[in-house]
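# Overview (structure and organization)
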Protein chains: 4
Amino acid sequence: MFLSEFLGTFILILFGLGSIAQVVLSNDQKGIFISTNYGMAIGLMIGAYVAAKSGGHLNPAVTLAMCVYRKHPWRMLPAYVAGQFAGAFCGAAVVYGNYMSAIDVFEGTASARTVPGFSPRATAGVFATYPATFMTKTGEFFSEFLATAILYIGIVSLADKKHGAGNLMPLGLLFLVFGLGLAFGSETGYAMNPARDLAPRLLTSLVGYGSHVWTAAGHYFWIPVVAPFLGALFGGFLYDTFIFTGESPINTPWMGLRKMVFLEKANERSMV
Amino acid sequence: MFLSEFLGTFILILFGLGSIAQVVLSNDQKGIFISTNYGMAIGLMIGAYVAAKSGGHLNPAVTLAMCVYRKHPWRMLPAYVAGQFAGAFCGAAVVYGNYMSAIDVFEGTASARTVPGFSPRATAGVFATYPATFMTKTGEFFSEFLATAILYIGIVSLADKKHGAGNLMPLGLLFLVFGLGLAFGSETGYAMNPARDLAPRLLTSLVGYGSHVWTAAGHYFWIPVVAPFLGALFGGFLYDTFIFTGESPINTPWMGLRKMVFLEKANERSMV
Amino acid sequence: MFLSEFLGTFILILFGLGSIAQVVLSNDQKGIFISTNYGMAIGLMIGAYVAAKSGGHLNPAVTLAMCVYRKHPWRMLPAYVAGQFAGAFCGAAVVYGNYMSAIDVFEGTASARTVPGFSPRATAGVFATYPATFMTKTGEFFSEFLATAILYIGIVSLADKKHGAGNLMPLGLLFLVFGLGLAFGSETGYAMNPARDLAPRLLTSLVGYGSHVWTAAGHYFWIPVVAPFLGALFGGFLYDTFIFTGESPINTPWMGLRKMVFLEKANERSMV
Amino acid sequence: MFLSEFLGTFILILFGLGSIAQVVLSNDQKGIFISTNYGMAIGLMIGAYVAAKSGGHLNPAVTLAMCVYRKHPWRMLPAYVAGQFAGAFCGAAVVYGNYMSAIDVFEGTASARTVPGFSPRATAGVFATYPATFMTKTGEFFSEFLATAILYIGIVSLADKKHGAGNLMPLGLLFLVFGLGLAFGSETGYAMNPARDLAPRLLTSLVGYGSHVWTAAGHYFWIPVVAPFLGALFGGFLYDTFIFTGESPINTPWMGLRKMVFLEKANERSMV
């Protein structure tokens, strides 16, 4: 499954970072902010189709939550996460290669590579996320935590065997991520995915953006790595507590009470 | 079903208000008006998938009409409506918490919280709807009434067992609500949903926006609460009169005439 | 089927004209040109679901072509066309009523109602289409003819039993009409539908826009009425000549040759 | 299948070039850059439905890769490619005819027809692609190569029998091409299709744009012809190496190792 998650995440990153690069480097002439929301969303849709046979997680936080709540085999976790990080790193490298001359032109000097906060023409934000300047650490963490929780709830709802979107689930993912970018994308850039943020950031540190990518915004880099894991786990907790009636570590104790108090199971299909 | 409607409406509001917050608070830098139309529409799509097992009403007006026209059990009405209001309130609270610092920056002073008509930098419109200044009370009421009638007709058409969108019905809802925002969103903000408007308005009155949220625009607050109920009921009346051939309080008397005069049933599938 | 086509076309026009009204009357503050493309497209999608049991033609030109090429019963033509015109007229009336005060504000004087070419603040274009000033009569006719031909080819492709979009055919219609608005909407406003253009134009002539709606742009009004009928018929001719292998007045003589010369039927599903 | 690919590509080009024409010739008043991304994407969606029975390749590079990797009969290659080029040429001719007066107005003088780099009001870019001025030949080639590789990987993923989008595959194509335009459209115009670029370019050379269409940007014209073929072949190589488990020239030798090293086949559907 390493190969599948690798190629899927590779595709996700190509679309996601490519669309940001196009908007930034063309000075909004070849796209607008909303294009970048679409780009990342379409990347996840296509990536999910590409990696369908491995479940199209493309996100270590999702894979972890699947292990915790859905019996995704723990022994596969390393292969999944490795594939996701490797795919994201290679995707970022290809986007960097493809847009290298445009970056030279945009930054003003060939081989100039700068990070937000250190230059008005910084391009490091094409690859990794950097928070809005007015944000507090708590606010940054909460924003990534919240966005990932919603992401996970959306994913499992779309993937529901009975009520979900079936083979068009990846199309649903498109709108899910597009909406997250529209609603929670302005404060921290909605990474929601440790592989999506850390791997491209690592690349930038290697190709000339230097150590600023790690120190910028008060060593922000760790937040889009840690918050998504906790957010996905919390989202899974909410979903299994409020909605899921199948087997889950949450439901084993909780279903009885739920059936009693909230008339679970009653009226399964009320809208016709 | 309380839990299901709660979480679904919670998600609806997170996307809907989050996208308005992002556009307003970023001064249109991180989105444009159309983003807010998308945000609310995507929120309903995802919310409907999340709350699929309770029918994904997410709207007291829809639940009422379902009770009247589709035998949705009246005894479930309170649980549904309670879940919808509670979910909307909590969703608004989370959006408020997430954007608190951005609101401080936008309004200009920390803890300043103002309402449209009382300040040029008012942010109360992020949470509840406020009408355009040129509107008359009649115009406001009609606009909400009309939008909700169309919403309900669209919902039941998309949910039709034979011709509807099946498991992609929530995707259809996305475009339905998106279109309503494009076509009828400019005069009153197309609340179309008492829970979506009243619960967030209540929140704002509690977190510092004060009593203006109730008095603004000539005590406008009651219109997006009352008009949607009547609009949905009228939409259901139109649909069952013109289209629906199944069992309905409208059809019991009316079908005979319809069959006779309008050749009902003839030529069920003419486009191939 | 009169009722079904009536309500479907009513919904189509509510979304279509409503979105134009919102963009024009808000001076592009509550939408942009592309919103109007979406509005009409979404209107057709929702209208097609609403009128699914009558085939969701919502367009006299489509109904005529269906009679000619697909054995749609001629005896139903009058009921269909009557429903389409009546629905479009009522839809336009409701949009007019809903936006009346906004029109007063936009035109500058209450009850002022002007037509493009006679005033810079004209609002008649919200309801009926008016061509770009540089267009020749031939160009205008060709543009409407072409757009409707493509529309019809798209419709029958999406409705194909074997390869079409099935119950999501109306979603396909959304993108079909959206694309036509993006590609052929700038010269004549892509009416592509006699009911969509003539009925609202009639309404405007009755509510105060006067006879200019008929005389404007060299009596343009007849082109969006006549060209769509011919365009749809031509589109049907092309589709049945190039693609359709089922029963059609075109194919009866032509299939033999086609099989022989173009290896028809061979390799039905080559993309896997 | 010639007829099917002809009409499908004809439709693709009508939407694709029509939307570019509308945006350029209306000075962005009737659309924005993103409209052109939508136009080409919708063109492929509708074209794929129109040409469904021939597989809806609409692209010689895709047909070649299908012959190499998916046993698409080589003997059909000429008919497919001929249909694709003829359809693209006719589509470009119809768009040219439809927008002729608008081109006269835009270029400033009737019958003036200019090429990017030779005039600020050049319109040749409506029909064929011209690269950004800062691009190197290598960069241009790589950009087209990369975009086509992603396109092909997306196509085969969407067309996968088990995990693909089924009859909504063309809808997936819409978002695939839309995303490619958002992410890789700014440097070379993402032709990704020899027929889409060469046939319209040939048309422009015949209707008055002259030999500049061949010489512009250092004889750029050959890159969008050659690069897509190699890109599609490379994409097919990646997909069959990383994902595809069916019969393919790649897999025959490679599957054994893959099964062993990467636990292929294990855990086919991990997301539920």
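Each chain has its residues counted from 1, following the order in which its sequence is written. For this description, chains carry letters from A and ligands carry numbers from 1, given in the order in which they are written. Reporting of local features is limited, given that this is a predicted model, to residues whose pLDDT is at least 70; pairs of side-chain atoms are given and counted only at 80 or more, and all residues count toward the totals for whole chains, interfaces and linings. No hydrogens and no water enter the side-chain calculation; it runs on all heavy atoms of the structure.

### Topic: the overall build of chain A
For the purposes of this entry, the term helix denotes a DSSP run of H or I that reaches at least four residues, the term strand denotes a run of E that reaches at least two, and both are numbered from the N terminus. Helix and strand content of chain A: 10 helices and zero strands. Along the chain direction, N to C, the helices and strands of chain A fall in the order α-α-α-α-α-α-α-α-α-α. We compute the radius of gyration over the C-alpha atoms and compare it with the globule rule, which gives 2.2 Å times the number of residues raised to the power 0.38. Taken over the C-alpha trace, chain A has a radius of gyration of 19 Å; the compact-globule value for 272 residues is 19 Å, and the two agree within 12%. Overall, chain A is about 65 × 40 × 35 Å in size when its C-alpha atoms are taken along their principal axes. Contacts in chain A between residues at least 24 apart in sequence constitute 71% of all its contacts with a sequence separation of at least 6. With residues, only the protein chains shown are counted as cover, and all accessible areas are computed by Shrake-Rupley using a 1.4 Å probe. Surface accessibility of chain A: about 8300 Å² in total, with carbon and sulfur atoms responsible for 70%. Counting rule for charge: Lys and Arg are taken as positive, Asp and Glu as negative, and neither His nor the chain ends is counted. One atom stands in for each charge, and that atom is NZ of Lys, CZ of Arg, CG of Asp or CD of Glu. Across chain A, 16 positive and 13 negative side-chain charges occur, with their mean positions spaced 7 Å apart. By definition in these notes, contact holds between two residues if any of their heavy atoms fall within 4.5 Å.

### Description of the interface of chain D and chain A
The figure often quoted for interface size is the accessible area lost as the parts come together. Each partner contributes to the interface: chain D provides 50 residues, whereas chain A provides 54 residues. A combined buried area of about 4400 Å² lies between chain D and chain A, and 70% of that area is made up of carbon and sulfur atoms. Only one rule defines a salt bridge in this text: a Lys or Arg side-chain nitrogen within 4 Å of an Asp or Glu carboxyl oxygen. Our count for the contact surface shared by chain D and chain A stands at zero salt bridges. Among the secondary structure elements, those contributing two or more residues to the side of chain D that touches chain A are helix 2 (33–50), helix 6 (137–158), helix 7 (169–184), helix 10 (223–242) and helix 11 (251–262) of chain D. With 11 residues, the single largest contributor to the side of chain D that touches chain A is helix 7 of chain D. The nonpolar class holds Ala, Val, Leu, Ile, Met, Phe, Trp, Tyr, Cys and Pro. Asp, Glu, Lys and Arg form the charged class, and all remaining residues, Gly among them, are polar. A breakdown of the residues in the side of chain D that touches chain A according to their chemical character gives 29 nonpolar, 14 polar and seven charged. Reported buried area values correspond to the accessible surface (1.4 Å probe) lost by two parts on association, with both partners' losses combined.

### Here we look at the UniProt feature "transmembrane region" (unreviewed entry) in chain A
Residues and elements named next belong to chain A. UniProt positions are given in the numbering used here, feature names are shortened, and annotations may be inferred rather than shown by experiment. Listed under "transmembrane region" (unreviewed entry) in the UniProt record, and renumbered for this structure, are residues 31–52, 79–99, 141–159, 171–192 and 219–239. Taken as a whole, residues 171–192 contains 64% helix and 0% strand, while its terminal C-alpha atoms sit 18 Å from one another. For the annotated span residues 219–239, helix accounts for 86% and strand for 0% of the residues, and the straight-line distance between the end C-alpha atoms is 32 Å.

### As for a nonpolar patch on the surface
Residues and elements named next belong to chain A. Together, W222, V226 and L230 give the surface a local cluster of nonpolar side chains, amounting to about 240 Å² of exposed area. Structurally, W222 is set in the loop between helix 8 (212–219) and helix 9 (223–242). Residue W222 is classed as partly exposed on the basis of its relative accessible area of 36%. Like charges within 9 Å and nonpolar side chains (Val, Leu, Ile, Met, Phe, Trp, Tyr) within 5 Å are joined into patches, using only residues over 30% in relative accessible area that form no salt bridge. Think of it in three bands: with a 1.4 Å probe and only protein chains considered, a residue is buried below 20% of the maximum accessible area for its type, exposed above 50%, and partly exposed in between.

### Quick look at the relation of the copies chain D and chain A
Superposing chain D onto chain A requires a rotation of 90° together with a translation of 0.0 Å along the rotation axis, leaving an RMSD of 0.0 Å. Within this description, the copies of the chain are treated as partners about a four-fold rotation axis. For chain D, the smallest separation between a C-alpha atom and the rotation axis is recorded for L168 of chain D, amounting to 5.8 Å. When you check the interface residues of chain D against chain A, a mere 10% turn up at the interface there too, and the two sides of the contact use different surfaces. When the copies are overlaid, the least-squares fit takes in C-alpha atoms only where the residue has pLDDT of at least 70 in both copies.

### Some words on the packing of aromatic side chains
Aromatic pairs are defined between Phe, Tyr and Trp rings, using the six-membered ring for Trp, whenever the two ring centres lie within 6.5 Å; interplanar angles under 30 degrees are classed as stacked, those over 60 as edge-to-face, and all others as tilted. This model, assessed by the stated rule, comprises 64 aromatic pairs over all chains. With centroids separated by 5.1 Å and ring planes inclined at 90°, the aromatic side chains of W214 of chain B and F221 of chain B adopt a geometry described as edge-to-face. A ring pair is formed by F145 of chain D and F234 of chain D, whose centres lie 5.4 Å apart and whose planes are at 35°; its orientation type is tilted. Here F145 of chain D, found in helix 6, pairs with F234 of chain D, found in helix 10; they are 89 residues apart in sequence, far enough to count as distant. On the basis of relative accessibility, which here comes to 19%, the residue F145 of chain D falls in the buried class. Overall, the relative accessible area of 36% leaves F234 of chain D in the partly exposed class. Three or more aromatic residues link up through ring pairs in this structure, and these residues are Y38 and F178 of chain A, Y38 and F178 of chain B, Y38 and F178 of chain C together with Y38 and F178 of chain D. If you follow R70 of chain A out to its NZ or CZ, it ends over the ring of F244 of chain A, 3.6 Å from the centre. Of note, R201 of chain B hangs over the ring of Y130 of chain B, and the distance from its end group to the ring centre comes to 4.9 Å. In this scheme, Lys NZ or Arg CZ marks a charge over a ring once it lies within 6 Å of the ring centre and within 35 degrees of the ring normal.

### Topic: the packing of helix 5 (residues 137–158) of chain A against helix 6 (residues 169–184) of chain A
Residue and element names in this part refer to chain A. Angles run from 0 to 180 degrees between N-to-C directions of axes, and those axes are lines fitted to C-alpha atoms, restricted for helices to the stretch in contact. Relative orientation of the contacting elements helix 5 and helix 6 amounts to 160°, with a least axis distance of 10 Å. Compared by their axis directions, helix 5 and helix 6 come out roughly antiparallel. Between helix 5 and helix 6 lies a crossing whose hand is right-handed. For the pair helix 5 and helix 6, contact is made by S143, L146, A147, I150, L151, G154, I155 and L158 and by M169, G172, L173, L176, V177, L180 and F184, respectively. Orientation is classified from the angle alone, with under 35 degrees giving roughly parallel, over 145 giving roughly antiparallel, 65 to 115 giving roughly perpendicular, and any other angle giving oblique. Two helices cross in a left-handed way if the nearer one is turned anticlockwise from the farther one by less than a right angle. They cross in a right-handed way if the turn is clockwise.

### Quick word on the relation of the copies chain C and chain B
Both copies of the chain are related by one operation, a rotation about an axis with a shift along it. Here chain C sits on chain B after a turn of 90° about the axis and a move of 0.0 Å along it, with an RMSD of 0.0 Å. The share of interface residues of chain C whose copies in chain B are also at the interface is only 9%, consistent with the copies meeting through different surfaces.

### Re the interface of chain C and chain B
Across the boundary between the two partners, chain C contributes 53 residues, which contact 49 residues of chain B. In terms of surface lost to chain B, no three residues of chain C exceed L3, K53 and N98 of chain C, which account for 17% of the buried area on that side. Put simply, chain C and chain B have zero salt bridges between them. Polar contact criterion, stated in full: a pair of N or O atoms within 3.5 Å, where within protein one must be able to donate a hydrogen and the other to accept it, and residues adjacent in sequence count only if both atoms are side-chain atoms. Across the chain C-chain B interface, the total number found is 12 residue pairs in polar contact (both at pLDDT 80 or more). Listed by contribution, the elements that provide at least two residues to the side of chain C that touches chain B are helix 1 (2–25), helix 2 (33–50), helix 3 (60–70), helix 4 (77–107) and helix 6 (169–184) of chain C. With 11 residues, helix 1 of chain C is the largest single contributor of residues to the side of chain C that touches chain B. For the side of chain C that touches chain B, a count of residues per class yields 32 nonpolar, 16 polar and five charged.

### Examining the UniProt feature "signal peptide" (unreviewed entry) in chain A
Under the present numbering, the feature "signal peptide" (unreviewed entry) in UniProt falls on residues 1–26 of chain A. Secondary structure content for residues 1–26 of chain A is 92% helix and 0% strand, and the end C-alpha separation is 37 Å.

### Observations regarding helix 2 (residues 33–50) of chain B
In this model helix 2 of chain B runs 26 Å from its N-terminal to its C-terminal C-alpha over 18 residues, within 8% of the 26 Å that 1.5 Å per residue would give. With 17 of 18 residues buried, helix 2 of chain B is to be regarded as a mostly interior element. Multiply 1.5 Å by the residue count of a helix minus one, and that product is the helix's expected span.

### Concerning the confidence of the model for chain A
All names here are of chain A. Every residue gets a pLDDT, meaning the predictor's confidence in that residue, from 0 to 100. Averaged over all residues, the pLDDT of chain A equals 93, while 96% of them reach at least 70. Mean pLDDT across the elements of chain A ranges from a minimum in helix 10 (residues 251–262), with 73, to a maximum in helix 7 (residues 194–206), with 98. Here residues 266–272 scores under 50 on pLDDT; set against residues more than four positions off or in separate chains, the count is 29 contacts. Predicted as a complex, the structure gets a pTM of 0.95 and an ipTM equal to 0.93.

### Here we look at the packing of helix 6 of chain D against helix 10 of chain D
Residue and element names in this part refer to chain D. Where helix 6 meets helix 10, the closest approach of the two axes is 7 Å, and the angle between their N-to-C directions is 45°. On the basis of their axis angle, the class for helix 6 and helix 10 is oblique. Once helix 6 is placed against helix 10, the crossing between them reads as right-handed. Taking contact as the criterion, the partners of K137, E140, F141, E144, F145, T148, A149, Y152, I153, V156 and S157 in helix 6 are, on helix 10, I223, V226, A227, P228, L230, G231, A232, F234, G235, G236, L238 and Y239. Of the residues contributing to the contact of helix 6 with helix 10, the split by class is 15 nonpolar, five polar and three charged.

### What to know about helix 4 (residues 77–98) of chain D
In this model, helix 4 of chain D (22 residues) spans 31 Å end to end at C-alpha, consistent with the 32 Å of a helix rising 1.5 Å per residue. For helix 4 of chain D, the full list of buried residues reads L77, Y80, G83, Q84, G87, A88, G91, A92, V95, Y96 and N98 of chain D. Buried residues along helix 4 of chain D sit against helix 5 (137–158) and helix 6 of chain C together with helix 1 (2–25), helix 3 (60–70), helix 5 (100–107) and helix 8 (194–206) of chain D.

### Considerations on unusual backbone geometry
If you check the backbone angles, D28 of chain A has positive phi at about 65° while not being a glycine. By secondary structure assignment, the location of D28 of chain A is in the loop between helix 1 (2–25) and helix 2 (33–50).

### Observations concerning the pattern of salt bridges
All names here are of chain A. The tally for this structure, following the rule as stated, stands at 20 salt bridges over all chains. For E247, the salt bridge identified is with K71, shortest N-O distance 2.5 Å. Of the two residues, E247 is situated in the loop between helix 9 and helix 10 and K71 in the loop between helix 3 (60–70) and helix 4 (77–107); the sequence distance between them amounts to 176 residues. The exposure classification of E247 matches that of K71, with both residues exposed.

### A look at the environment of S205 of chain D
All names here are of chain D. Turning to its location among the elements, S205 is positioned in helix 8. A residue is classified by how much of its surface remains accessible, and S205, at 18% relative accessible area, is buried. Distance from S205 to G256, taken between C-alpha atoms, is 52 Å for residues 51 residues apart in sequence. Among all residues touching S205, those that are not within four sequence positions of it are G210, V213 and W214.

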